[in-house]
Structures are given as structure tokens and as C-alpha cells.
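What follows is each chain in one-letter form.
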Amino acid sequence: MESKHYDVFVIGSGVAGQTAAKICAKNGLKVAIADKQSFGGTCAIRGCDPKKVILQFADIIKKTEALKGLGIKEIPKISWEAIQGFKKSFVDKVPKGTEENLKELGIDLYHQSPKFISKNEISVEGKTVSADKFVIASGLTPRTLHFEGAQFLKTSADFFNLKKLPKSATFIGAGYVGMEFSYLLSTLGCKVTVIDRGTQALSQFDAFLVEKLVENMQKKGVKFYFNSEIESVEKLRKNFRINFKQKDKTNSVKSRIVFNTSGRVPATELLALEKANIKNDETGIIVNEFLQNETNKNVYACGDVSSKSLPLTPLSGLQGYIVGNNIVKENSKKFTNPLVPSVVFTYPNLATVGLSENEAIEKYKNIKVYKGNATHFYNAKKSNESIYAYKIIINKRTDVIVGAHLLGSEANECINIFMMAINQKMTVSQFKKLIFTYPSYSSDLKKMMKNPD
Ligand SMILES: Cc1cc2nc3c(=O)[nH]c(=O)nc-3n(C[C@H](O)[C@H](O)[C@H](O)COP(=O)(O)OP(=O)(O)OC[C@H]3O[C@@H](n4cnc5c(N)ncnc54)[C@H](O)[C@@H]3O)c2cc1C
Ligand SMILES: NC(=O)c1ccc[n+]([C@@H]2O[C@H](COP(=O)([O-])OP(=O)(O)OC[C@H]3O[C@@H](n4cnc5c(N)ncnc54)[C@H](O)[C@@H]3O)[C@@H](O)[C@H]2O)c1
């Protein structure tokens, strides 16, 4: 077998792997990167970016629906084929652009999953390749479900390749992916069912706001089943029948397509980590504050696959940057959990940053909560929005803002203002002294902190 040696071998060409690889190459190291799929990673090809291209059409429908009869005569009709074509115009460029970019930096590319064969060797494309350092940045992959008929389930990656809009769809899992896609399909006219084993959708988000979002989707015809365990999926002539147990009651729904949106797990299965003594568990590759594996110090992990990650793009980029720097200048940077805002791109969006109400009680004991509906605010009224709500958490002793949770059409942008306020440890009175543009949604944030709950 042919053999080769690199200073750094990176597994995975998403934002985390690319960032680490580029830093190493720019600092004169001999670098290779392998991906088993098209180069570019989840966010750019099968995640955030193509999703946002498609979602904006659903958002336009929602906005115009609210203004129908108030100036809008007809709700725009969409062409799924044209939307997919527009989305493709972004996605199709990614693999070639990514590869060219990496090659220009002198990085060697491999198009296969490598397998570790020893602590510092892998086998890939028929070669034995050794390296001084390895970076594992292989991301997450959909969780495998184990009931009868699970082979019929589609994944989020399949969603992006739907040739036509299904008449009906079922989502197993009401997390980020299940909620964003069910909002999208239901708005475009598909009959949607969502089944989750938990007690609520989006368990990481504030229950008061999630309930409002779910109620709103229910009003638009989305059916939700919580506390439900799937028993089997049967293939019928045109449809699938999804059989599930809700508490002790057996139930079933039929739909044209069924998506597994039950979460994503670390993509490590193909790597034969045990051959290199790389400790991992269900949270991913176990790493220390330098994002270095403790059982094999020549291995770093960054992005979704690292045990210290939250699966969000900005965090993957940050971790890739830290790993790149720690390889170039031995362990010069520590990963300390930054404040990470997050948003579910339904309409309205659901956004969060900082502490939840319970976390704040645990940490500070005495807290103040500003909570309520903002549908009477001018911004909501002028767009005839029927859902706009908030919960903002304050440390009562210091008056410092410690958490913010927003449900509104511009929550995805407004949450960043709270991210900065929390980062700066701003008090409510300092926040209220700032001048914001008017009548912007950000100016509503000051109004939200008027009367504590
Ligand atoms: C549908 C969807 C929507 C999302 N929307 C958002 C959003 O709006 N905002 C946000 O912040 N985040 C979003 N995310 C999460 C975001 O996409 C990830 O956090 C981010 O892409 C992780 O980057 P990464 O580099 O760690 O991993 P990835 O981008 O997943 O890259 C990992 C790469 O490794 C490759 N790989 C895997 N196994 C192997 C192997 N054995 N050998 C070789 N290569 C391998 C994969 O093919 C992939 O290219 C979304 C995710 C999904 C699925
Ligand atoms: N807007 C965004 O930033 C965005 C969008 C999509 C994904 N993401 C990232 O990707 C990650 C994965 O998202 P996701 O939606 O795949 O997972 P998730 O963890 O957000 O949600 C999974 C849901 O499936 C349910 N579930 C699990 N097993 C089940 C079963 N057997 N039957 C029924 N329900 C089951 C869980 O209770 C949960 O509600 C997220 O954590 C997020 O960080 C982010």
C-alpha cells in the first residue's frame, strides 16, 4: 500500500474542519482534508443556508396572509420547482468553490471516509496515511430509529431534494428541524403531523413561548402528538401509516412521506476510533478545554462532533478556529463556553439567549421576569400580527439582564441585541437609556421591560 505523511489530517469539510485546515495551511503546515460527501459541510449544502432560501417564501405567504383584505388582494402562489432551482443556484456552487479554495492553499483532498488503523495512521483511498495531528470535524448524522418500517423514513437531507411538494407529511420529532420543516410545508399547503416522545416541542426553549408557537401552528392545521412513542411505519399504496402509542392509547396517522427529525448524533461510526484510542461517547469526541482528546493527544475535535459543542454553525466556526490555532501554536487557546443566541426559523421566529427562568432561579434565587404578549405594540398592529410575545429574565439584586426569550417576526435579529446586553452585563436601566431607531422591532425591547410579571 502507498503511504503518505502530513503535519495535519482533517476529517470533515464543514465550517469547523475547513477553518482548522486553512489556519494550519496558512501557517506553513502540510495539510490534507477528507470528506465522504461533497465538500462544504451541512450548513452550506444540507442545512442553514439552503433552508433559509426556501423558508423566505413561506414567510412572505405568512406576512401577506396577515394583511389580506388590508391592502393585499391575493396571497402569492409559489412554484416549488422554481424555489428549488433558486436554492440549487447557491448549493451547487459550494463543493467546487470549497475544493478550489482549499487546493489554492496547498491542501490535499480525499473523497472518502478514512479509518484509523493506529494512533497516528489512517487508511484512506487505498493509502496508509500518517499525520502528526488529526482533526475530527465530522459533524452529526441523523439518529437511527429502530421500529419496524424505520427504513422508509426520510432525513433532513432528503427534504432538500423533494421534487414536488407532498400532499401530506409526518415529522417524527418536534425539535429545530421538525418545527422549521413542518412550518414550511404546512404554510405551502401540505397537511402536516408532528409526533414527539417528549412533553413539548423544542424542549430547550421557553415553554410559555413554545406553547404559543405550537397553538398558532395548530390553528393553521398542523396536528401535534406529544408523549407519543412510534411503534411502526407501514407502507401502503400511496401513503405510509404511522402507528404510535400516546400514553396507553394506540393511534395512527397516514401521510405521503415521513421524516425522521428525532435528532442528530455524532458522525463517528466509520472512523474506527478504538484503533487510535480516541475516547468518545454519545456527546461526541471527548475533548478538554483545548478541544484536544485526552486519550490520544494528537487528536483534536471541533464543531458538532466535539463533546464541547452546541450544534450551531457559529460555534463550529469558533471551535475550528481554536483547534487550528492550538495546532499551530501548541494549545494557545482555550474554549470557554461563549454566550450563544439561537433561533428557530419558524414564522414568527422563536429566539433565545442566556439563562432560562429555572436556570436563573437556581443561580440567583431572586429574579424578576418581564413576560407577556406584545400583540398590542404598534409593530404587531401595523402588520396585523396575531402572535408576538416575550420573557426577559433579570437578576433582581443587581438589575442585570441574564436571559431573553422572544417570539416574533423579527426575533432572529432582536435576540442579538439582548446577546450584546447580556455579554456587557447591562442593567435594565442602562438598556432603557439607549436610543433605538423607531418604529423598529428593536425599540420594542425597551417597552417589554415595563411591568415585571
Ligand atoms: C436541516 C438543518 C438546519 C440547520 N440550520 C441551522 C441554522 O439555521 N443555524 C445554525 O447555526 N445551525 C444550523 N444547523 C446546524 C449546522 O448546520 C451545524 O451546526 C454545522 O453545519 C456544523 O458544522 P461542522 O463543521 O461541525 O459539521 P458539518 O457541517 O456537519 O460537517 C461535517 C462534514 O464531515 C463529513 N463527514 C462525516 N463523517 C465523515 C467521515 N466518516 N469521513 C469523512 N467525512 C465525514 C460530512 O460529510 C460533512 O461534510 C442546521 C442543521 C441542519 C441539519
Ligand atoms: N435554526 C437552527 O439553528 C437549527 C435548525 C436545525 C437544526 N439545528 C441544530 O441541529 C440540532 C439537531 O436538530 P434536530 O431538530 O434534529 O434535533 P433536536 O434535538 O432539536 O430535536 C429532536 C426532537 O425529537 C424528539 N425525539 C427523539 N427521539 C424520538 C422518537 N424516537 N420519537 C419521537 N420523537 C423523538 C425529541 O424529543 C426532540 O424534541 C439542533 O440541536 C440544533 O442545534 C439548528
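Residue indices begin from 1 for each chain and proceed along its sequence in written order. Working convention: letters from A go to chains and numbers from 1 go to ligands, in the order in which they are written. Totals for whole chains, interfaces and linings use every residue, but because this is a predicted model, local features are given only for residues with pLDDT of at least 70 and side-chain atom pairs only at 80 or more, for both listing and counting. Each side-chain value is worked out from all heavy atoms of the structure, with water and hydrogens disregarded.

Draft legend 1. Looking closely at the overall build of the protein. Numbering of helices and strands starts at the N terminus; helices are DSSP runs of H or I of at least 4 residues and strands are runs of E of at least 2. Counting its secondary structure elements, the protein contains 14 helices and 23 strands. Taken over C-alpha atoms, the radius of gyration is set against a globule rule of 2.2 Å times the number of residues to the power 0.38. Rg of the C-alpha trace for the protein: 24 Å, near the compact-globule value of 22 Å for 453 residues, within the 12% margin. When the backbone C-alpha atoms are referred to their principal axes, the protein occupies close to 70 × 60 × 45 Å. Across the protein, the fraction of contacts at a sequence separation of at least 24, relative to all contacts at a separation of at least 6, is 62%. Using a 1.4 Å probe, accessible areas were evaluated by the Shrake-Rupley method; residue-level cover was limited to the displayed protein chains. Just so you have it, the protein exposes about 22000 Å², and 49% of that area is on carbon and sulfur atoms. His is not counted, nor are the chain ends; Lys and Arg add positive charge and Asp and Glu add negative charge. Just so you know, the charge point we use is NZ for Lys, CZ for Arg, CG for Asp and CD for Glu. Computing the positive centroid from 65 side-chain charges and the negative centroid from 44, the protein places the two 6 Å apart. Residue contacts follow a heavy-atom distance rule, with two residues in contact if any of their heavy atoms lie within 4.5 Å.

Draft legend 2. Seen up close, empty space enclosed by the protein. Here a cavity is any set of points on a 1 Å grid over the protein atoms alone where a 1.4 Å probe fits but cannot get out, and a pocket is any open set with protein on both sides within 12 Å along at least 5 of 7 lines; a residue lines the site when it has an atom within 4 Å of a point. Grid points are joined across faces, edges and corners, and a volume is the space filled by probe spheres set on the points. Summed over all chains, the structure comprises one cavity of 30 Å³ or more. Put simply, the largest cavity is a space of about 60 Å³. Every residue lining the largest cavity is listed: Tyr388, Ala389, Leu406, Leu407, Gly408, Ser409, Glu410, Ala411, Cys414, Tyr441, Leu445 and Met448. Contributions of two or more residues to the lining of the largest cavity are made by strand E23 (400-408), helix H12 (411-423) and helix H14 (441-448). When residues are sorted by character, Ala, Val, Leu, Ile, Met, Phe, Trp, Tyr, Cys and Pro go into the nonpolar class, Asp, Glu, Lys and Arg into the charged class, and all the rest, Gly among them, into the polar class. Looking at the lining of the largest cavity, its residues break down into nine nonpolar, two polar and one charged.

Draft legend 3. The arrangement of the nonpolar core in detail. To qualify as a nonpolar core, a set must consist of buried Ala, Val, Leu, Ile, Met, Phe, Trp, Tyr and Cys residues joined through side-chain atoms within 4.5 Å. Categorising residues by exposure relies on relative accessible area from a 1.4 Å probe, with only protein chains included: less than 20% of the type maximum marks a residue as buried, more than 50% marks it as exposed, and the intermediate range marks it as partly exposed. Met179, Ile401 and Phe418 are the most contacted members of the largest nonpolar core, which totals 70 residues. Top contributing element to this core by residue count: H12, with seven residues. Residues in contact with Ile401, not counting those within four places in the same chain, are Ile392, Ile393, Ile394, Phe418, Ala421, Ile422, Met426, Thr427, Val428, Phe431 and Met449. In terms of nonpolar packing, the next biggest core, distinct from the first, is built from 45 residues, Ala20, Ile285, Val299 and Ile327 among them.

Draft legend 4. Geometry of the side chain of Thr352. Take Thr352: it is sitting in strand E20 (residues 349-354). Within 3.5 Å is the distance limit for a polar contact, defined as a pair of N or O atoms, with the added protein rule that one can donate a hydrogen and the other accept it, and that residues adjacent in sequence qualify only through two side-chain atoms. Looking at Thr352, its side chain comes within polar contact range of the side chain of His405, at 2.9 Å. Here Thr352 is in contact with Phe205, Val340, Pro341, Ser342, Ala404, His405 and Ile415, once residues within four sequence places are set aside.

Draft legend 5. Seen up close, the packing of aromatic side chains. The aromatic pairing rule takes the rings of Phe, Tyr and Trp, using the six-membered ring of Trp, and pairs them if the centres are within 6.5 Å, calling planes under 30 degrees apart stacked, those over 60 edge-to-face and the rest tilted. One pass over the structure, following the stated rule, counts 19 aromatic pairs. The interplanar angle of 45° and the centroid separation of 5.5 Å between the aromatic rings of Phe9 and Tyr110 together place this pair among those described as tilted. Of this pair, Phe9 sits in strand E1 (residues 3-11) while Tyr110 sits in strand E3 (residues 108-110), and the two are 101 residues apart along the sequence. Owing to a relative accessible area of 0%, Phe9 belongs among the buried residues under this scheme.

Draft legend 6. Geometry of the site of ligand 2. A molecule or strand has a residue near it when one of that residue's heavy atoms lies within 4 Å. Near ligand 2 there are 21 residues, and of these Val177, Glu180, Asp196, Pro311 and Val343 occur at the shortest range. A distance of 2.9 Å separates a nitrogen atom of ligand 2 from a polar side-chain atom of Glu180. Considered on its own, ligand 2 offers 850 Å² of accessible surface; in the complex 82% of this is hidden by protein. A total of three residues in the shell around ligand 2 trace back to one element, the largest contributor, which is helix H7 (residues 176-187).

Purely geometric numbers; function is a separate question.
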